[in-house]
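# Survey of secondary and tertiary structure
As a plain string of letters, each chain reads:
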Amino acid sequence: MPTHSEIQTLLAEIEQNNPQTAPELEQFRLDYIGSKGKLKALFEVLKTLPPDEKKTFGANVNQVKQAAEQKYQQLKEQLSEVVDNTAAPADLTMPAQTTRLGSRHPISLFLHRAVSIFRSIGFQIADGPEIEDDWHNFTALNTPEDHPSRDMQDTFYIQTNPAVLLRTHTSPVQARYMKKNQPPIRIIVPGRVYRNETISARSHCQFHQIEGLYVAENVSLADLKQTILYFARQMFNKDVQIRLRPSFFPFTEPSLEADVTCFICHAKGCPVCKYSGWVEILGAGMVDPNVLENCGIDSQKYTGFAFGMGIERTTMQIYGIKDIRLLYENDARFLRQFAGSL
Ligand SMILES: [Zn+2]
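The structure reproduced in this document is the subject of the present report. All residue numbers here refer to positions counted from 1 along the written sequence of the relevant chain. It should be noted that, the model being predicted, local features are given only for residues of pLDDT at least 70 and side-chain atom pairs only at 80 or more, the latter also being counted only at that level, while totals for whole chains, interfaces and linings use all residues. Neither water nor hydrogens contribute to the side-chain values; these are computed over all heavy atoms in the structure.

### What to know about the coordination of the zinc ion
Going by this rule: Counted as donors are the N, O and S atoms within 2.8 Å of the metal, or 3.2 Å for Na, K and Ca, while water is not among the atoms, so some sites may look incomplete. Each label reflects the angles at the metal, where four donors whose angles all fall between 85 and 135 degrees are tetrahedral, four or six donors whose opposite pairs open beyond 155 degrees and whose other angles stay between 65 and 115 are square planar or octahedral respectively, and the rest are irregular. For the exposure calls, accessible area comes from a 1.4 Å probe over protein chains only, and a residue counts as buried if that area is under 20% of its type's maximum, exposed if over 50%, partly exposed in between.
In the first shell of the zinc ion, the protein supplies Cys262 (SG), Cys265 (SG), Cys270 (SG) and Cys273 (SG), at 2.2 to 2.3 Å from the metal. Here the zinc ion is ringed by four donor atoms whose angles at the metal span 103 to 113 degrees, and the overall shape comes out tetrahedral. Within one chain, the residues donating to the zinc ion are spaced in sequence as C-x2-C-x4-C-x2-C. Grouping residues by exposure puts cysteine 262 and cysteine 270 together as buried.

So this is what it looks like as structure tokens:
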């Protein structure tokens, strides 16, 4: 049986043992408090003692145990507060951890480029609400109620108020701008539009358009043709040709659709141009005099042209994107591929 003096020696040993590091502290715990430590051994001895000796011996061992545990807790707190000096010093020559830079969305790339081309020939950006009223979206643009051409665009109406809708094109901004400004007017309108369409690989209920309007004295179809040609050559390449085909829009008369020689295969024939060598890029025409009058502009004095193009379709053709939904899913792996292009 350990004598009283042996217990005193153990107590002194604990008091003099001063671990300086986390591993040393752990060793301290194992030596004294752990399940194979010296205190555990003393408690084993305690079990074997006759009752009269148990009391004194037990009290002594408990005193040592409390001292050991108290010291362990105290040292543990101290060590957690100081920096561990045994760790390797920071390597200041290590390359910094970099945060990956974002990049512009392909839609934005196309829009920014188109906007800068039109701005270079004097067009200003105009903006308008995406929640529109029926008059600006349809009536002002020569599309009165019950006009069959309203069927051309499947519209999101607000159920409680049919006069409020999500704009189906960026053209209502033209009407808003003409009501407030007299010619000469030369604006482009980039923005988001909405159609009540089933979402698939080829169509979506939201997409982007860029719309242009030029109203002044003596504006003619020749000006429109040259503007489209200039845009196409700046946007795609300097050798593209354009082709104008007659078309119909309620707000322009005459109306046309413009094709460019395929910017993917250079008119040799490929899946994008369906082997025709031509790709449709926009619809346009001379602004219908009714539209000018609806917006308070003298149609005897002024003429104008307007054009509008869908951004998604051409963006998808340029980049070979097969599914329009990829443009809206915000998958960084997809978007990262376009960094620095256009
Ligand atoms: Zn082609």
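Anyway, onward from the coordinates.
### Quick look at the pairing of strand β5 (residues 185–194)
Consecutive residues of a regular strand have side chains that alternate between opposite faces of the sheet. Convention followed: Put simply, DSSP marks the helices as runs of H or I at least four residues long and the strands as runs of E at least two long, and each gets a number from the N terminus on. For two strands to be treated as a pair, DSSP must find no fewer than two bridges joining them.
Burial of β5 is extensive: seven of the 10 residues sit out of reach of the surface. With two bridges joining them, strand β1 (residues 124–125) and β5 adopt parallel strand pairing. For glutamine 124, the partnering residue across the bridge sits in β5 and is isoleucine 187. Note: β5 against strand β6 (residues 206–216), 10 bridges, orientation antiparallel. Counterpart to tyrosine 194 in the pairing with β6 is glutamine 206.

### Here's the deal with helix α5 (residues 106–120)
Every α-helical turn comprises 3.6 residues, leaving residues that sit three or four positions apart pointing alike. For clarity, the cut-off: Expected span, for any helix, means 1.5 Å times one less than how many residues it has.
Taking 1.5 Å of rise per residue, the 15 residues of α5 would be expected to cover 21 Å, and the 21 Å separating its terminal C-alpha atoms lies within 8% of that figure. One or two positions beyond α5, positive phi appears at glycine 122, with a value near 95 degrees.

### Regarding the packing of aromatic side chains
This is how the line gets drawn: Note on aromatic pairs: the rings of Phe, Tyr and Trp (six-membered ring only in Trp) are paired at centre separations within 6.5 Å, and the planes decide the class, stacked below 30 degrees, edge-to-face beyond 60, tilted for the rest. In this analysis the charged atom, NZ for Lys or CZ for Arg, is taken to sit over a ring once it is within 6 Å of the ring centre and within 35 degrees of the ring normal.
This structure, assessed with the given rule, holds 11 aromatic pairs. Note on phenylalanine 334 and phenylalanine 338: the rings are 5.1 Å apart at their centroids and 70 degrees apart in plane angle, and the pair reads as edge-to-face. Judged by relative accessible area, which is 11%, phenylalanine 334 ranks as buried. Put simply, the rings of Phe118, Phe123, Tyr214, Phe231, Phe305 and Phe307 touch in pairs and so form one group of aromatic residues. Over the aromatic face of tyrosine 214 sits the side chain of arginine 186, whose NZ or CZ is 4.9 Å from the ring centroid.

### Quick look at the sheet that holds strand β8 (residues 252–261)
Spelled out, the test is: Contacts: residue pairs with any heavy atoms within 4.5 Å of one another. Note on definitions: angles span 0 to 180 degrees between N-to-C directions of axes, and those axes are lines fitted to C-alpha atoms, for helices only across the stretch in contact.
With mixed pairing, the seven strands of this open sheet are ordered in space as β1-β5-β6-β10-β9-β8-β7. Lying at the two open borders of the sheet, with one neighbouring strand each, are β1 and β7 (242–249). This element, helix α7 (residues 171–180), spans β1, β5, β6 and β10 (303–310) of the sheet and lies at about 35 degrees to β6.

### Quick notes on the environment of tyrosine 328
Applied cut-off: The term polar contact refers here to a pair of N or O atoms within 3.5 Å; inside protein, the definition further demands a hydrogen-donor-capable atom paired with an acceptor-capable atom, and it admits residues adjacent in sequence only when both atoms are side-chain atoms.
By secondary structure assignment, the location of tyrosine 328 is in the loop between α10 (311–319) and α11 (332–335). Taking C-alpha positions, tyrosine 328 is 9.6 Å from histidine 204, a pair spaced 124 residues apart along the chain. Every residue in contact with tyrosine 328, bar those within four places of it in the chain, is listed here: His204, Gln206, Phe207, His208 and Glu312. Within the structure, the side chain of tyrosine 328 is placed 3.1 Å from the backbone oxygen of glutamine 206, a separation counted as a polar contact.

### Describing the pattern of salt bridges
To keep things clear, this is the line we draw: Salt bridges are defined as contacts in which a side-chain nitrogen from Lys or Arg sits within 4 Å of a carboxyl oxygen from Asp or Glu.
Inspection of every chain in the model, using the stated rule, returns 14 salt bridges. The shortest N-O distance in the salt bridge between glutamate 13 and lysine 38 comes to 2.9 Å. Taken together, the residues glutamate 13 in helix α1 (residues 4–16) and lysine 38 in helix α3 (residues 38–48) connect sequence positions 25 residues apart. Overall, the relative accessible area of 38% leaves lysine 38 in the partly exposed class. Residues glutamate 257 and arginine 245 are paired through a salt bridge, measuring 3.9 Å at the closest nitrogen-oxygen approach.

### A short note on the sheet that holds strand β2 (residues 131–133)
Across the sheet, three strands lie side by side as β2-β4-β3; this open sheet has antiparallel pairing. The open sheet has two edge strands with one neighbour each: β2 and β3 (157–158). Bridge count between β2 and strand β4 (residues 161–166): three bridges; the pairing is antiparallel. Across the sheet, the residue bridging to aspartate 133 is valine 164, located in β4.

### So, unusual backbone geometry
Residues proline 183 and proline 184 are joined by a peptide bond in cis, for which omega reads 0 degrees. Here proline 184 shows up in the loop between α7 and β5. Here the bond from glutamate 253 into proline 254 is cis, since omega is -5 degrees, no more than 30 degrees from zero. Relative to the assigned elements, proline 254 resides in strand β8. Its identity is not glycine, yet asparagine 142 carries a phi of approximately 65 degrees, on the positive side. With respect to the element layout, asparagine 142 can be found in the loop between α6 (134–137) and β3. The phi angle at alanine 267 is positive, at roughly 70 degrees, despite the residue not being glycine. Along the chain, alanine 267 turns up in the loop between β8 and β9 (278–287). Residue class for alanine 267 comes out partly exposed when judged on its relative accessible area of 40%.

By themselves, these figures tell us nothing about what the structure is for.
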